[in-house]
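# Observations on the three-dimensional arrangement
Listed below are the residues making up each chain.
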Amino acid sequence: MKYLFNYLFLYVCMMVCIGCAPKARHYVIGVSQCSADIWREKQNAELRMGTFFQDGVELRFAAAYDSDERQVEQIDSLMKSGIDLLIVAPNQVATISPAIDRAYDQGIPVIVFERKTNSQKFTAFMSADNYEMGRQMGDYIGNRLKGRGQVLEVMGLKGSSPAIERHRGFRDALRRFENVKVVETLTGDWTEHTAYNIVRKWKESHAEEHVDLVFGMNDRSAIGARCAMMELGDSSVLYCGIDGLPGENGGISLVRDSILEASYIYPTYGDSLLQLAIDILDGKPYKKEVKMMSAMVTHDNARVLLMQTDETLRQVARLEQLHEKVDEYIQQLHTQRVINWLTWGVVVLMLMVAVLLYLYRTGKMTLRRERVVNNLWNLNAEDIKTGKEADVKTADGEQKTVEGAVTSVFISRFKDVVEARLDDCNLSVEDLASDMNLSRVQLYRKVKAVTGASPVELLRTARLNRGYKLLLTTDRSVSEISYMVGFTAPSYFTKCFKEEYGVLPGDVRS
Ligand code: FRU
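Position numbers for residues start from 1 in each chain and track the written sequence from start to end. Residues qualify for local features only when their pLDDT is at least 70, as the model is predicted, and side-chain atom pairs are given and counted only at 80 or more; totals for whole chains, interfaces and linings, by contrast, use all residues. With hydrogens and water set aside, each side-chain value is computed from the structure's full complement of heavy atoms.

Judged by pairing direction, the sheet is parallel, and its 4 strands sit side by side in the order β7-β6-β8-β9 without closing on themselves. At either margin of the open sheet sits one strand with a lone partner, and together these are β7 (180-187) and β9 (238-240). The average undirected angle you get between the axes of adjacent strands in this sheet is 20°. We call two residues in contact whenever any of their non-hydrogen atoms come within 4.5 Å of each other. Working convention: axes come from line fits to C-alpha atoms, limited for helices to the stretch in contact. Angles between N-to-C directions cover 0 to 180 degrees. A run of H or I in DSSP becomes a helix once it reaches four residues, and a run of E becomes a strand once it reaches two; helices and strands are each numbered from the N terminus. Packing against the sheet, helix α7 (residues 192-205) makes contact with β6 (149-155) and β7, and its axis sits at approximately 125° to β7. Contacts from helix α8 (residues 219-231) reach β6, β8 (213-216) and β9, with the element oriented near 160° to β9. One bridge is not enough; two strands pair if DSSP finds at least two bridges between them.

The full set close to the ligand counts 13 residues, and Asp37, Arg40, Glu114, Arg115 and Asp243 are the nearest of them. The term polar contact refers here to a pair of N or O atoms within 3.5 Å; inside protein, the definition further demands a hydrogen-donor-capable atom paired with an acceptor-capable atom, and it admits residues adjacent in sequence only when both atoms are side-chain atoms. At 3.0 Å from an oxygen atom of the ligand is found a side-chain nitrogen or oxygen belonging to Arg220. Within the side chain of Asp243, an N or O atom sits 2.5 Å from an oxygen atom of the ligand. For accessible areas, the Shrake-Rupley method is used with a probe of radius 1.4 Å. Any residue's cover is judged against the shown protein chains and nothing else. Its free accessible area being 310 Å², the ligand has 100% of it covered by the protein chains. Elements with a minimum of two residues in the shell around the ligand: α2 (38-52) and α6 (161-174). Where each domain begins and ends is defined by an automated method or by a domain database. Viewed by domain, the shell around the ligand spans two of them, domain 1 (27-128 + 271-292) and domain 2 (130-266), each represented by three or more residues. Nearness of a residue to a molecule or strand requires only that one of the residue's heavy atoms be within 4 Å of it.

Attention shifts here to unusual backbone geometry. At Tyr65, a residue that is not glycine, the phi angle is positive and equals roughly 50°. In this fold, Tyr65 is placed in the loop between β2 (57-63) and α3 (68-80). Backbone geometry at Asn437 places phi at a positive 55°, although glycine is not the residue there. Turning to its location among the elements, Asn437 is positioned in the loop between α14 (429-435) and α15 (440-451).

A patch consists of residues whose relative accessible area exceeds 30% and which take part in no salt bridge; residues with like charges are grouped when within 9 Å of each other, and nonpolar side chains (Val, Leu, Ile, Met, Phe, Trp, Tyr) when within 5 Å. Put simply, a salt bridge is a Lys or Arg side-chain nitrogen that is within 4 Å of an Asp or Glu carboxyl oxygen. In this tally, Asp and Glu contribute negative charge and Lys and Arg positive charge; neither His nor the terminal groups of the chain are included. To locate a charge, take NZ of a lysine, CZ of an arginine, CG of an aspartate or CD of a glutamate. A cluster of acidic residues, Glu320, Glu324, Asp327 and Glu328, forms a negative patch on the protein surface. Looking at where Glu320 falls in the secondary structure, it is placed in helix α11 (residues 302-377).

Another aspect to go through is the environment of His323. Secondary-structure assignment places His323 in helix α11. Spatially, the C-alpha atom of His323 lies 9.1 Å from that of Met49, the residues being 274 residues apart in sequence.

Here the focus is the sheet that holds strand β4 (residues 110-113). Read from one edge of the open sheet, 6 strands run β2-β1-β3-β4-β5-β11, paired in parallel fashion. Among the strands making up the open sheet, the edge pair consists of β2 and β11 (289-292). Sheet twist, expressed as the average angle between the axes of neighbouring strands with direction ignored, equals 15°.

Moving on, we come to helix α5 (residues 130-144). Helix span, as expected, comes to 1.5 Å for every residue beyond the first. Taking 1.5 Å of rise per residue, 15 residues should cover 21 Å, and α5 covers 21 Å from first to last C-alpha, within 8% of that figure. Classification of residues uses two cut-offs on accessible area relative to the type maximum, computed with a 1.4 Å probe and protein chains only: under 20% is buried, over 50% is exposed, and between them is partly exposed. What α5 keeps buried is the set Asn130, Met133, Gly134, Met137, Gly138, Tyr140, Ile141 and Gly142. Residue Asp129 occupies the N-cap position of α5, its side-chain oxygen lying 3.2 Å from the main-chain nitrogen of Tyr131. Following α5 by one or two positions, Lys146 has its phi on the positive side, about 55°.

Two numbers describe how α2 lies on helix α10 (residues 270-282): the axes approach to 7 Å, and their chain directions differ by 50°. As summarised for this structure, α2 and α10 are arranged oblique, according to the angle between their axes. Regarding α2 and α10, the two cross each other, and that crossing is right-handed. Note on element contacts: α10 touches α2 through Gly270, Asp271, Leu273 and Leu274, opposite Gln43, Glu46, Leu47, Gly50 and Thr51. Here the nonpolar group is Ala, Val, Leu, Ile, Met, Phe, Trp, Tyr, Cys and Pro; Asp, Glu, Lys and Arg are the charged ones; every other residue, Gly included, is treated as polar. Its residues assigned to classes, the contact of α2 with α10 shows 3 nonpolar, 4 polar and 2 charged. Working definition: roughly parallel below 35 degrees, roughly antiparallel above 145 degrees, roughly perpendicular at 65 to 115 degrees, and oblique for all remaining angles. Should the near helix be turned counterclockwise from the far one by less than a right angle, the crossing is left-handed, whereas a clockwise turn marks it as right-handed.

This part takes up the nonpolar core. Judged by nonpolar contacts, the single largest core of 47 residues is most densely connected at Ile29, Ile87, Met137, Ile141 and Phe215. Per-domain counts for this core show at least three residues from each of domain 1 (27-128 + 271-292) and domain 2 (130-266). To form a nonpolar core, buried Ala, Val, Leu, Ile, Met, Phe, Trp, Tyr and Cys residues must be joined to one another through side-chain atoms within 4.5 Å. In terms of nonpolar packing, the next biggest core, distinct from the first, is built from 28 residues, Phe414, Leu432, Ala453 and Val485 among them.

These figures come from the coordinates and say nothing about function on their own.
If you want it as structure tokens, here you go:
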């Protein structure tokens, strides 16, 4: 029993230790994108890729498809879902601010990304310099037109900060070129189809107006404008955009193929964004304002840039493959670990059962011996005659006080019967029962109820007891004594004796 408690104690300690072990971190980061397009997809992919290098980071994405209401709803439901940090690119400056403020007021750190809000309630802001981008593009266009020409400007969504800032930078730069005229500023929404529609409509109503260059505030707007102009037969116009994405239909290859005149890399930097989020959550130092690097794409550098970006994309694809492999491997490892734990569990369980069985058996044997000797054979004649109470244990181990003369007389008689005939090696339980005027079953039940042992067990104990006394009081050999106490073979007597007293019969005398 003692061992069993030790095992249980160890097991409980182990469980407590496992319970107290420091929990692995688990960050849930909500990403609220104002839009869904190739630029956003690239950024989301980089964010996801960032999680390959960070343990315990879960991303929850939401895309508002350029709708203010949808983005507000999505931010609220991200908050409800229990995020630890919010990354948000607000569709427009004013409309999304209240939702962002709500998150911030709830204690959720907020990273405003790339588009601004009109509130100061954010933890960090990360973006490229949109004013500078517009300014450099204005400069490039003024020079490209050699200081003279007509420009059509297609803005992004009017209330979004990149549109406002790019426009300001562009206009400021063009001030230097007094003969470069902006014939119209059309308000788009960053999408290709809106740019197509508004440019087409404008051109149809301004057929006489000559346009040398269209500045689309992003590459998609520039392409939409180009489609409209080409469809209306104007193929001499130059186009500039912003975004300069890598890959097949990205801005860089459009410049290389002279579809666009120039673009400007508007960096996505999803991995840096994720790192900033984790630094904030880890409580590490971080910059409240992070500026991302960007650069012009022109015919001069498009080829080289494309080579480099293609190589990066190739490496990214390989990294993704590697990640898949690692994932597979981790999965296998996990399964293996579960199998190992199960195997160990079964082994430990079997061991415990074996120990329990062993303890149960040995405990039962000792109990039986104690019961037999203490409860019956050691009652002296005086006790029996006076009908003194006998403490016995029942078969299921319960301590019971068997009272009264009836029990005592029965025990006394049984003892007499056994002792009178125990030298008879052919003595059977039937013989004992008939000596006591009982059936074999009655005798068994009564003896068992009173002593907790069976008649055969008592008979054997009585034989061993007598043998023990004879060893001490006579100089008969062990063999002779074993026959005298009704054993058919001395070797069996020796074996039982050792079991009962823990010593060999020969050792009793010495
Ligand atoms: C992507 C995008 C880009 C643009 C930026 C402005 O959703 O429309 O094309 O440069 O957002 O915020």
